[in-house]
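# Close look at the chain arrangement
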Amino acid sequence: MKDTSGKGNILFRSLNRKIQVLFAVIFILAVAGLQLGMFATLQKGIEHKYTQELDQTTSLIVELVRTYVNSSVRNYLIGRAESVKGMVAFYYTQFREGKITEAEARKRVSDLILDPVGGKVGATGYLAGVNGKGVLEIHPKTPGADASGHEFMKKATAMKNGYLEYDWKNTGETVARAKAGGMSYFEPWDLIIWASSYKSEFFNLLDLSSLEATLQNIRIGKRGYAFVMDGKGNLLMHPTMKGKNILDDKDDRGVYYARQMIELQDGLISYSLVGESAKDRSLTRFTRYADLDLIVGTKVYYEDINGLLTSALRFGIISALIALVVANILVYLLVSRLTKPITLMRRLADAVALGDLSGRVPVQSTDEIATMAINFNDLVGAMEGIVTRLKSSSSELFMAVQELSVSSQEITSTSNQQAAAVKEIVSTMEDSDQLSKSIAGRIREVSAIANSTKAVVEQGDRKVSLILDKMREIRTSNDGTIRGIKTLGEKINSIWDIVNIINGIADQTKIIAFNAELEAAAAGPAGKNFQIVAAEIRRLADSTVVSTGEIKNKINEIQHSSDHLIIASEEGTTRIQEGGSISEELRNMFGDIRSSSEISAASAEKIALSISQQVTAFEQILLTLRQISEGIDNFVATTKATVKFAGSLKEMANSMQGIVQTYKVGTHG
Amino acid sequence: MAEDGLVAKIREAGAGKDSDKVQEGELIFHKFIIAGVLNKRYAIPATVIREIVIDVPIHYVPFVPPYIRGFINRHGEPFTVVDMGVLFEQEETKERAFLVLNLDSDQLAFLVSDIHEIVKVPETDVYPITEKGEDGGYFSSSVRLGTEDVFIVAVEAVRKRLADDLGTP
Amino acid sequence: MAPPENTETTAGGNGENFVSFHLGELGFVMERAHFYAAIHRDKPQELDKAACPGLCPYLRELLPFEGRKVLMFNLDEHLRERFHLAEQGTIKVALIAELDIFGAEGGALVSGLLREQFPDCAGDALAFRVGGDGAIREIAYRDFRLLPRGLHDTLAARGLAACRFIDDRIEFVIDPAKLALHCLQPSLRPFLEAPAAERIS
């Protein structure tokens, strides 16, 4: 098994690591793409949001200014008219009280209204008194003028109290300008007190401090704010630069931002203030409040916009990193679990490579890896089966080859012996051939001798017959002797019976003697006579015993003698029989010799003929044997080659066994 | 008085006391039956033997120890047969020679292999083989016969064995 | 061997009637008064051995008698085994005895045995099986001899009381009750048995 553990990039040495790296790369790419997209979207969104906010805020501020100005101006003008009406009412009261005359009172009212200071409203606005018919009774410029034909005057005379806005073009002016008037009607004199002012001068009429305070509270982001600038570049409201004229200010790029705003009147502009660097650049939404010729703007610093994005970016990166680490750990664990069977398979594969086929991968699930494990097990099992069969076959082969080798060697050895033996036979046959030839010569000599022997044998045969007859006579008489002796033996046996009876009597007598003696002893003195009787009986018994003893001895002697006699006679008979048989044999022998000698002569010729035939046969046999010897020599050579071949086969079987033995097999079914 | 002494002696001799001894002169003689049991010889005092019989049938009886072979009939009376071979050597006696004992208290016969002789020996040839009080088993003394010492069978010991085994007095 | 002819004659008046029978060459006599009936043993019923294990081996059959079943003790078999006799006869006679032949104590034992083990049997009688040549003879007491004193007590306790000799043969006087009782009380069985010994030749 190749050791790949030290090869390749360290990151790619294991499947787990590969998967982790791959996963990390994918994760990073995915997350980075996602983050970038998200940040881009976020940035746009934030910008858009901020832009919207700026729009809204600017609109709101414009509306706020408008509302404030309008309401303030309205209240101011009405208030001025009311206050003047109050003075008029005072003077009327004085008139009515008689303190002053009506003309005096009217005069005072006119002086009040036309006061060069008190009668001014704003820069060019003024107070006036208009009667119910629309005649300008009191007017700084055109007193007594009839303005009833003007639409606004019709409205005013109709209203008599309140607020009115209208456009007015003074004589010599080409463009009508927006004006507004506050009214308060003094009915006794039918006089509408009129306080008017050009809208463009409203800002001058107002106390803008609360508006300023409101605007100053507006914060967009950390540093962003709202401002109001007039058409000449004067900052009417600004958190830090109020009253400054910025018409000629330009930012770090050389942009005259104030002029741009006045020129464009509405839009978005990006600039940095004089003295600020590029990083302080801001985004400003501005719009023109035409009535008052004001530029209302709200700005937010890019720093504020980007700050959120930066936080989001930082958060995204950190969270992505954390997610990457956690995901990697989980991936590692999961992959480790999944690749465990693969690791086991790898180990088993190593073992199989080293020859151990006994192991198997445990299968604990049903997924693809488990299927692979099962297949792996099957493969190893099949290999094991093959190796087992191979082992068995190699053993059998080895044994067969061994036997073949041994038997080949034996055959070779036997063949060698056979070859040697055949060679000996050949040599012997050659000798026999020579011998046969010499025998033929001898036979002729024998034939002559046989004829002369025949006459002698016939004479001998006659003599033997005579002897035999005599032997028969002797045997007959011997048998008679033996019968006589046996009869004697039987008679002696019958004597033994008598002797035994006598023995029994002797024993009984002895017992009687004992008893008699006992009785005599028991009887004491009275038994003395009986003692004598007992003694005599005892003596009788003793002598009987002695006599029977002697009889026994004698009979024994007779028996021994007759036994000897019988034995001797039987031996004699045997000898006679043997003699008879010998004579019989002798006669037979003579007869045989005679017939043999007759045959001999005739046979001699036949033998000579046979011998010559035999010689011929011997020569043929010899030839055949020589051929056999050659054949055996060839066979020996062949078997030697076979032995050699068997030896090679044995070596092969050996090496095969050696190879197969390196494999270890288990006990799987 | 000399006559009284003589009468006393005669009376004494005639009373049959010590009739197992025979006094001849100054010597006292004892009579023994010498019997063969298997391959050994034993002496039995003649006075305890009533008769000697051979080749009579033994009638087997159960419920008895193995050395009791049964009964023999002696004049119509049953006599217990004690096989001396079994008693002494734990081997059955094949022969049938019986020493019928002369006992008042029982009817016993010893089965032996052979009856050799009756001997009369002087008392001086009878030797005790145990110390006084010692139990010699079936033999209390021996008798010198030529060069041979033959044990004398103590009949009482045999009777005692019988009584112990059967639980009879 | 055929049982011997009875050639004995006894004087009248000093004798008693005895039941006698032979097993081979051995003769046995018992007091006739023990028994009140003698019948030919005809088709006895074999006992179920499994039902009463440990029972005396000679109690194997039930004998029908007068409409009831009487337990039978095989006395002949018992004697054959004790005396090592070979003869097996075919004709069997049974003698019926009352339980009082066992005495008070023995009678109570046998009665209890019958009651507990054989409730279906007659509870007051026991049959004794004997040899086929059973006969009643009058024999004078003087013809008998007590067994030798040394053996008498032992043998009498086991049922062998006396004997008499007729020519070369012996005839034992037996007490069947004592013989049977020893079988029924295993603890009292004989512990001393003579080996297979002499036979009458």
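Just above, that's the structure.
Notes on the structure in this doc start here.

## Here we look at the packing of helix H1 (residues 15-97) of chain A against helix H7 (residues 302-354) of chain A
Residue and element names in this part refer to chain A. Interaxial distance between H1 and H7 falls to 9 Å at its minimum, and their mutual angle equals 160°. Considering their axes alone, H1 and H7 lie roughly antiparallel with respect to each other. Of the two possible hands of crossing, H1 and H7 adopt the one that is right-handed. Residues that form the contact of H1 with H7 fall into these classes: 23 nonpolar, eight polar and one charged.

## With respect to the sheet that holds strand E11 (residues 294-301) of chain A
All names here are of chain A. In space, the five strands of this open sheet follow the order E8-E7-E11-E10-E9, with antiparallel pairing throughout. Lying at the two open borders of the sheet, with one neighbouring strand each, are strand E8 (235-237) and strand E9 (266-271). The average undirected angle you get between the axes of adjacent strands in this sheet is 30°. As judged from the six bridges shared by E9 and strand E10 (residues 282-289), these two strands associate in the antiparallel manner. Each residue of the ladder has a partner; that of Ile269, found in E10, is Thr284. In the packing of H7 onto the sheet, contacts are made with E10 and E11, and the angle to E11 comes to roughly 35°.

## With respect to helix H3 (residues 151-159) of chain A
All names here are of chain A. Those residues of H3 that sit buried are Met153, Ala156 and Thr157. Around the axis of H3, the buried residues are gathered within 95° of arc, so they sit on the same side. Projecting away from the buried face of H3 at angles above 90 degrees are the exposed residues Glu151 and Ala158. The secondary structure elements touched by the buried residues of H3 are strand E2 (125-131), strand E4 (162-168), strand E5 (177-186) and strand E6 (191-198).

## Considering the interface of chain B and chain C
With 31 residues of chain B at the interface, the matching set in chain C holds 27 residues. Taken together, the residues that form the side of chain B that touches chain C break down as 17 nonpolar, nine polar and five charged.

## Let's talk about the pairing of strand E8 (residues 108-112) of chain B
Residues and elements named next belong to chain B. In terms of burial, E8 is a largely internal element, five of the five residues being buried. Taking every second residue as pointing to the same face, both faces of E8 are buried, with Leu108, Phe110 and Val112 on one and Ala109 and Leu111 on the other. Relative to E8, strand E6 (residues 77-83) runs parallel, the two being bridged by four bridges. When the sheet's bridge partners are listed, Val82 is paired in E8 with Phe110. Bridge count for strand E7 (residues 97-101) against E8 is four bridges, and the pairing is antiparallel. Looking at E8, one finds that Leu99 is bridged to Phe110. Two successive antiparallel strands, E7 and E8, enclose a turn made up of six residues.

## Observations regarding the nonpolar core
By size, the foremost hydrophobic cluster in this structure holds 107 residues, and its most contacted members are Leu99 and Ala109 of chain B together with Ala127 of chain C. When residues of this core are assigned to their parent elements, the largest contribution, seven residues, is made by helix H8 (residues 368-523) of chain A. Excluding residues that lie within four positions of it along the chain, Leu99 of chain B makes contacts with Ile33, Ala35, Ile44, Ile49, Ile52, Ala109, Phe110 and Val112 of chain B. Grouped together as the second largest cluster of nonpolar side chains are 63 residues, Val109, Leu112, Val228 and Leu235 of chain A included.

Reading the values: the criteria
- Residues numbered from 1 in each chain as written.
- Chains lettered and ligands numbered in written order.
- Predicted model: local features only at pLDDT ≥ 70, side-chain atom pairs only at ≥ 80, totals over all residues.
- Axes fitted to C-alpha atoms, helices over the stretch in contact; angles between N-to-C directions.
- Helix = DSSP H or I, 4+ residues; strand = E, 2+ residues; numbered from the N terminus.
- Parallel < 35°, antiparallel > 145°, perpendicular 65-115°, else oblique.
- Left-handed = near helix turned anticlockwise from the far one by under 90°.
- Nonpolar A, V, L, I, M, F, W, Y, C, P; charged D, E, K, R; others polar.
- Pairing = 2+ DSSP bridges.
- Contact = placed C-beta atoms within 7 Å.
- Buried ≥ 20, exposed ≤ 12 C-beta atoms within 10 Å, placed from the backbone.
- Arc of directions from axis to C-beta.
- Core = buried A, V, L, I, M, F, W, Y, C linked by C-beta atoms within 7 Å.

Coordinates in, geometry out; function isn't part of it.
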